[in-house]
Amino acid sequence: TAYVIYTSGSTGNPKGAMVSHRSAVNRILWMHDKYPLGDGDVILQKTPYTFDVSVWELFWWGVCGGSLAASKPDEHFLPAKILDEVKSNKVTHLHFVPSVFEIFLSYLESHTEEQSKFNTVKYVFVSGEALTANLIERFYKLYSYDKVTLHNLYGPTECAVDVTYYDCRPEDVDPVPIGKPIYNTQLHIVDKYNNIVPIGVTGELCIAGVNVGQGYLNNEELTNEKFIDNPFGNGKLYKTGDL
């Protein structure tokens, strides 16, 4: 086990999700291969370490090169402070939750003199909530697709932060996809009997592969309910509860 992060999901009852080194490394190396971090690149670490996004923010640079700039506590959602950090540290990679991203874009739209502070950024990642086409359109009106790109990530804390990715385009419309699986990861959409559903039929999204976590700390009953034997291959299948 590499770490335990407590998450409540939609239940309101926190449970400790255990994730292995192997899962965390798979997640980080996939991201490095897809959105490379070079010697001159800088990640802005602005996610509190009690949330799963902080895992790749904190450890990616140390594994693959580059540098880390850390936001001050309680400033990770303040647009003016974020822009100051980006400019002073020449940040190239950073993450937003879509609701905070919307606040950030609104600030940029009404403070045109601040927009140039963002010019060092190469990759913007969003996850944690549903991304809308409106936010994509507004972002690419401010910054050229040729200079910086926006990426929609999806995944539960129980599966090493993210398991899918979608590279956003200026012409995207709703609903914005969550995309395709990352390396060594499989997605299955199943009915209540864990059978694959046909295209167009609602089912539960389930995750298999290296990114699947080890279960919940000191909660064998819930672990057995959510982490079942994978009927489609080796290892465990994590039932996300997402339709």
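Residues numbered from 1 in each chain as written. Predicted model: local features only at pLDDT ≥ 70, side-chain atom pairs only at ≥ 80, totals over all residues. Heavy atoms only, no water.

Chemist: Is there a simple way to explain the overall build of the protein chain in this structure?
Modeler: Counting its secondary structure elements, the protein chain contains six helices and 14 strands. For the protein chain, whose C-alpha radius of gyration is 18 Å, the value lies close to the compact-globule estimate of 18 Å for 243 residues. Principal axes of the C-alpha set define a box for the protein chain whose edges measure 55 × 40 × 35 Å. The buried share of the protein chain, taken over its 243 residues, is 49%. Put simply, the protein chain shows about 12100 Å² of open surface, and 53% of that area lies on carbon and sulfur atoms. (Helix = DSSP H or I, 4+ residues; strand = E, 2+ residues; numbered from the N terminus. Rg over C-alpha atoms; globule rule 2.2 N^0.38 Å. Buried < 20%, exposed > 50% of the residue type's maximum accessible area, 1.4 Å probe, protein only. Areas by Shrake-Rupley, 256 points an atom, 1.4 Å probe, with all protein chains shown as cover.)

Chemist: How should I be thinking about the packing of helix α3 (residues 79–89) against helix α4 (residues 98–110) in this particular structure?
Modeler: The axes of two packed helices give the description: the angle between them and the distance between them. Running from amino to carboxyl end, α3 crosses α4 at an angle of 80°, the nearest separation of the two axes being 9 Å. Taken together, α3 and α4 sit at an angle that is classed as roughly perpendicular. For the pair formed by α3 and α4, the contact residues are P79, A80, I82 and L83 on the first element and I103, F104, Y107 and L108 on the second. For the contact of α3 with α4, a count of residues per class yields eight nonpolar, no polar and no charged. (Axes fitted to C-alpha atoms, helices over the stretch in contact; angles between N-to-C directions. Parallel < 35°, antiparallel > 145°, perpendicular 65-115°, else oblique. Contact = heavy atoms within 4.5 Å. Nonpolar A, V, L, I, M, F, W, Y, C, P; charged D, E, K, R; others polar.)

Chemist: Can you help me understand the nonpolar core in this one?
Modeler: Nonpolar side chains tend to gather and get buried jointly when the protein is soluble and globular. Counting 31 residues, the largest nonpolar core has L94, F96, F101, F118, V124, F139 and L150 as the members making the most contacts within it. Counting only elements with at least two residues in this core, the list comes to β3 (42–45), α3, β5 (93–96), α4, β6 (123–126) and α5 (133–142). Per-element tally for this core: the top contributor is α4, with six residues. Dropping the residues within four chain positions of it, F118 is found in contact with L83, V86, L94, F104, V124, F139 and Y143. Of all hydrophobic cores here, the second largest spans 22 residues; its members include V19, Y35, W60 and L153. (Core = buried A, V, L, I, M, F, W, Y, C linked by side-chain atoms within 4.5 Å.)

Chemist: Help me out: how do you make sense of the pairing of strand β8 (residues 164–167) in this one?
Modeler: It is a general feature of regular strands that their side chains alternate between the two faces of the sheet. Bridge analysis of strand β7 (residues 149–154) against β8 gives four bridges, and the strand direction is antiparallel. Paired with H151 across the bridge in β8 is D167. (Pairing = 2+ DSSP bridges.)

Chemist: Looking at this structure, how should I read helix α2 (residues 53–64)?
Modeler: Side chains that are three or four residues apart share a direction in an α-helix, a result of its 3.6 residues per turn. When the terminal C-alpha atoms of α2 are compared, their 17 Å separation across 12 residues agrees well with the 16 Å that a helix rising 1.5 Å per residue should span. For α2, the set of buried residues is V53, S54, V55, W56, E57, W60 and C64. Turning to α2, the residues buried within the fold contact β1 (3–7), α1 (21–34), β3, β4 (67–70), β5 and β6. G65 lies just past α2 and shows a positive phi near 100°. (Expected span 1.5 Å × (residues − 1).)

Chemist: How do you make sense of the sheet that holds strand β12 (residues 215–216) when you look at a structure like this?
Modeler: The strands making up a sheet are joined through hydrogen bonds of the backbone, oriented either antiparallel or parallel. Spatial strand order, β1-β2-β12: three strands in an open sheet with antiparallel pairing. The sheet is open, and its two edges are formed by β1 and β12, each paired on a single side. As paired strands, strand β2 (residues 15–19) and β12 are joined by two bridges and run antiparallel to one another. When the bridges of β12 are listed, A17 appears paired with Y216.

Chemist: Quick question: what am I supposed to make of α1 here?
Modeler: Taking 1.5 Å per residue, 14 residues should reach 20 Å; α1 reaches 20 Å between its end C-alpha atoms and fits that length. Among the residues making up α1, those that are buried are S23, A24, N26, R27, I28, W30 and M31.

Chemist: What is the right way to look at the environment of P170 in this model?
Modeler: As for its position among the elements, P170 is in the loop between β8 and β9 (180–181). On the basis of relative accessible area, P170 is assigned to the partly exposed category, the value being 35%. Taking C-alpha positions, P170 is 36 Å from A17, a pair spaced 153 residues apart along the chain. With sequence-adjacent residues up to four places away left out, P170 is seen in contact with I136, Y140 and Y145.

Chemist: Would you explain the side chain of N230 in this entry?
Modeler: Along the chain, N230 turns up in the loop between β13 (227–229) and β14 (236–239). Polar contacts involving the side chain of N230 include one to the main-chain amide nitrogen of F232, which spans 2.9 Å. Setting aside chain neighbours within four positions, we find N230 in contact with A208, G235, K236 and L237. (Polar contact = N/O pair within 3.5 Å; in protein donor to acceptor, adjacent residues only side chain to side chain.)

Chemist: What is the right way to read the packing of aromatic side chains from this model?
Modeler: In this description, a pair of aromatic rings is defined by centroid distance and the angle of the planes. Considering all chains together, one arrives at 17 aromatic pairs under this definition. Seen from their ring centres, Y35 and Y123 are 5.5 Å apart, and the 65° between their planes marks the pair as edge-to-face. With Y35 in the loop between α1 and β3 and Y123 in strand β6, the pair connects residues that are 88 residues apart, well separated along the chain. Cluster of aromatic residues (ring-pair linked, three or more members): F96, F101, F104, F118, F139, Y140, Y143 and Y145. (Phe/Tyr/Trp six-rings, centres within 6.5 Å; stacked < 30°, edge-to-face > 60°.)

Everything listed here is a matter of geometry and, on its own, says nothing about what the molecule does.
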